[in-house]
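Overview (structure and organization)
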Amino acid sequence: MQRSPEEARGDAAEDAQWSRPECQAWTGTLLLGTCLLYCARVSMPICTVSMSQDFGWNKKEAGIVLSSFFWGYCLTQIVGGHLGDRIGGEKVILLSASAWGFITAATPLLAHLGSAQLVFMTFSRILTGLLQGVYFPALTSLLSQKVRESERAFTYSTVGAGSQFGTLVTGAVGSLLLDWYGWQSVFYLSGGLTLLWVYYVYRYLLTEQDLILALGVLVQGLPVARHSRVPWRQLFREPSIWAAIFSQLSAACSFFILLCWLPTFFKETFPSSKGWVFNVVPWLVAIPASVLSGFLSDHLISQGYRTITIRKFMQVMGLGLSSVFALCLGHTSNFCKSVFFASASIGLQTFNHSGVSVNIQDLAPSCAGVLFGVANTAGALAGVVGVGLGGYLIETTGSWTSMFNLVAAISSLGLCSFLMFGKAQRVDLSPAREDL
């Protein structure tokens, strides 16, 4: 009996999945890559106070520099997912990392090209955002193609823990480098380490032929096979797709606001406190929380719980409970309590990795990269507005409470939409669907 094209593609996809040793090697490598991604990304938030003193920036100008990253970040999400679906996410990640690593290392040089530091720093952050925007859509595409469904949440949450680990490393080492050598050293270190990671991946995990083929696609383009075209109309008729997009938007926006403004909050509210404490402890808590969420998610599903029930539970933790602790931050003047509330909020947000982030792979594994790109584009656009609005609220009200209220409101809206309309059944194939 002749198999259908969809069955044939399913068998081919299963054959293309990583073996256990390959999965372990790539998981460790991508964990480190995500760590370095965030080392480069949070270098500016860590250095903002020192750079504002050197260049005379006020809160609004600092908000422009911080939010400018997302101006570029939102433009390449869909492109990154599309290229990841077509040529392989690992190639997209490597090519982009080589560029953002170089720009990060060169940022201090750009700051001294002339007297318009605000313009040059804004430009460098936009460019960094453009290059980093492809990472998570390409990563989602890669894992949806190479990792077994039963191991997907744990793998994604483990790799996603690199975001907290990178923020932790930059917070700890960056705080020391700021005191010892100045803010420039933070950019030199994070950019240099990224370039070393690129060399390792190129030398040991990819071949020159892979990269030549990927560059050929970027330069010339390849014809798109009919079965690889994204069924946009079919996808966007589904309320579950819109729920996933809006929930991802809320999760990303809330995280970006806290990522950008928490260092300044602690520095100004508790000026005598040690930077390594508030720049390290929340992210130290978030690393095991992220891995735990993935393990718990896969374990509960293997015990017979419905996939969508577990995804929604993870969102209750990642958007609901985390926003409660964010609200608490705006109503305490005690340093230890503030560190605890910040740690709880950031740690619980990692449960989104095993919630909506994996739910996108549940809904449309055949085009997970580009669909995640759409969702993260929405999140990045909201990040531009959210980070800038956060700075405006702090400046105009003179209180940090308004910023934490904003985080809680955004998180609550995303959670409600996912609880009402979220599903875990495939919507990228027709007409047979399996309700998980």
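Let me sum up the structure you'll find in this document. Note that this is a predicted model, so its numbers are computed, not measured. (Residues numbered from 1 in each chain as written. Predicted model: local features only at pLDDT ≥ 70, side-chain atom pairs only at ≥ 80, totals over all residues. Heavy atoms only, no water.)

**With respect to a nonpolar patch on the surface**
Definition in use: Note that patches include only residues with greater than 30% relative accessible area and no salt bridge, and the join distances are 9 Å for like charges and 5 Å for nonpolar side chains (Val, Leu, Ile, Met, Phe, Trp, Tyr). For the accessible areas, the method is Shrake-Rupley and the probe is 1.4 Å, while residue cover comes only from the protein chains on display. Here a salt bridge means any side-chain nitrogen of Lys or Arg lying within 4 Å of a carboxyl oxygen belonging to Asp or Glu. By definition, any uninterrupted DSSP run of H or I lasting at least four residues is a helix, any uninterrupted run of E lasting at least two residues is a strand, and each is numbered from the N terminus. Only protein chains enter the accessibility calculation, which uses a 1.4 Å probe. A residue is then buried if its area is under 20% of the maximum for its type, exposed if over 50%, and partly exposed in between.
Where nonpolar side chains cluster on the molecular surface, the patch consists of V173, L189, L193 and L196 and spans about 320 Å² of accessible area. Per element, the largest residue contribution to the nonpolar patch is 3 residues, and it comes from helix α10 (residues 184-204). Looking at the secondary structure, you find L193 in helix α10. Owing to a relative accessible area of 36%, L193 belongs among the partly exposed residues under this scheme.

**What to know about the pattern of salt bridges**
Any two side chains of opposite charge can pair, so long as their charged atoms come close to each other. Inspection of the entire model under this criterion finds 2 salt bridges. Put simply, E90 and K91 hold a salt bridge, and the shortest N to O gap is 3.3 Å. Residue K91 is classed as buried on the basis of its relative accessible area, which comes to 10%. With its nearest N and O atoms 2.7 Å apart, the salt bridge here joins R311 to D362. Of this pair, R311 sits in helix α16 (residues 307-329) while D362 sits in helix α18 (residues 356-363), and the two are 51 residues apart along the sequence.

**Some points on the side chain of S250**
What counts here: Residues count as neighbours in contact if any of their non-hydrogen atoms are within 4.5 Å of one another.
Assignment of secondary structure puts S250 in helix α13 (residues 239-269). Not counting the four nearest positions on each side in its chain, S250 is found in contact with L319, I410, L413 and G414.

**Re α16**
In an α-helix, one full turn covers 3.6 residues, which means residues spaced three or four apart are oriented alike. Filter applied, for reference: Expected span of a helix: the number of residues minus one, times 1.5 Å. The reported bend at a residue is simply the angle between two axes, fitted to the 7 residues ending at it and to the 7 residues beginning with it.
Across its 23 residues, α16 extends 33 Å between first and last C-alpha, which sits within 8% of the 33 Å expected from 1.5 Å per residue. Maximal helix bending in α16 amounts to about 25°, located at S323.

**Some remarks on the packing of aromatic side chains**
What counts, and what does not: For Phe, Tyr and Trp, rings pair up if their centres lie within 6.5 Å, where Trp contributes its six-membered ring, and each pair is then called stacked (planes under 30 degrees apart), edge-to-face (over 60) or tilted (otherwise). Only when the NZ of Lys or the CZ of Arg is both within 6 Å of the ring centre and within 35 degrees of the ring normal is a charge said to sit over the ring.
Per the counting criterion, the structure on display carries 25 aromatic pairs. Measuring from ring centre to ring centre gives 5.7 Å for W232 and F236, while their planes differ by 5°; the resulting arrangement is stacked. For W232, a relative accessible area of 33% corresponds to the partly exposed category. On the basis of relative accessible area, F236 is assigned to the partly exposed category, the value being 28%. Aromatic side chains F255 and F256 sit 6.2 Å apart centroid to centroid with 55° between the ring planes, which places their arrangement in the tilted category. Considered together, F255 and F256 belong to a single accessibility category, that of buried residues. By the ring-pair criterion, three or more aromatic residues cluster together here, those being Y38, F69, Y73, W100, Y135, F136, F255 and F256. The positively charged end of R41 is found above the aromatic ring belonging to Y38, 4.4 Å away from the centroid. Above the ring of Y204, the side-chain terminus of R203 is found at 5.2 Å from the ring centroid.

**Some points on the nonpolar core**
Put simply, the rule is: As used here, the term nonpolar core means buried Ala, Val, Leu, Ile, Met, Phe, Trp, Tyr and Cys residues forming a set that is joined through side-chain atoms within 4.5 Å.
If you look at the biggest cluster of nonpolar residues, it comprises 120 residues, and the most contacted ones within it are L30, M51, F136, I257, W261 and L262. The dominant element in this core, judged by the number of residues it contributes, is α13, at 16 residues.

**Thoughts on the state of the cysteines**
Linking two cysteines covalently via their sulfur atoms produces the bond known as a disulfide. To keep things clear, this is the line we draw: Cysteine sulfur atoms that come within 2.5 Å of each other are treated as a disulfide pair.
The full count for this structure, using the stated rule, is 0 disulfides. Cysteine C39 is unpaired, with the sulfur of C35 as its nearest cysteine sulfur at 4.2 Å.

**As for the environment of W57**
Along the chain, W57 falls in the loop between α3 (43-55) and α4 (59-73). Not counting residues up to four positions away in its chain, the partners in contact with W57 are M51, S52, A62, V65, Q117, L118 and M121.

**Considerations on the environment of A153**
With respect to the secondary-structure elements, A153 resides in helix α9 (residues 152-180). As a C-alpha pair, A153 and S354 span 201 residues in sequence and 5.4 Å in three-dimensional space. Among residues more than four places away in sequence, those in contact with A153 are G294, S297, D298, R311, S354 and V358.

Keep in mind these numbers describe shape, not what the thing actually does.
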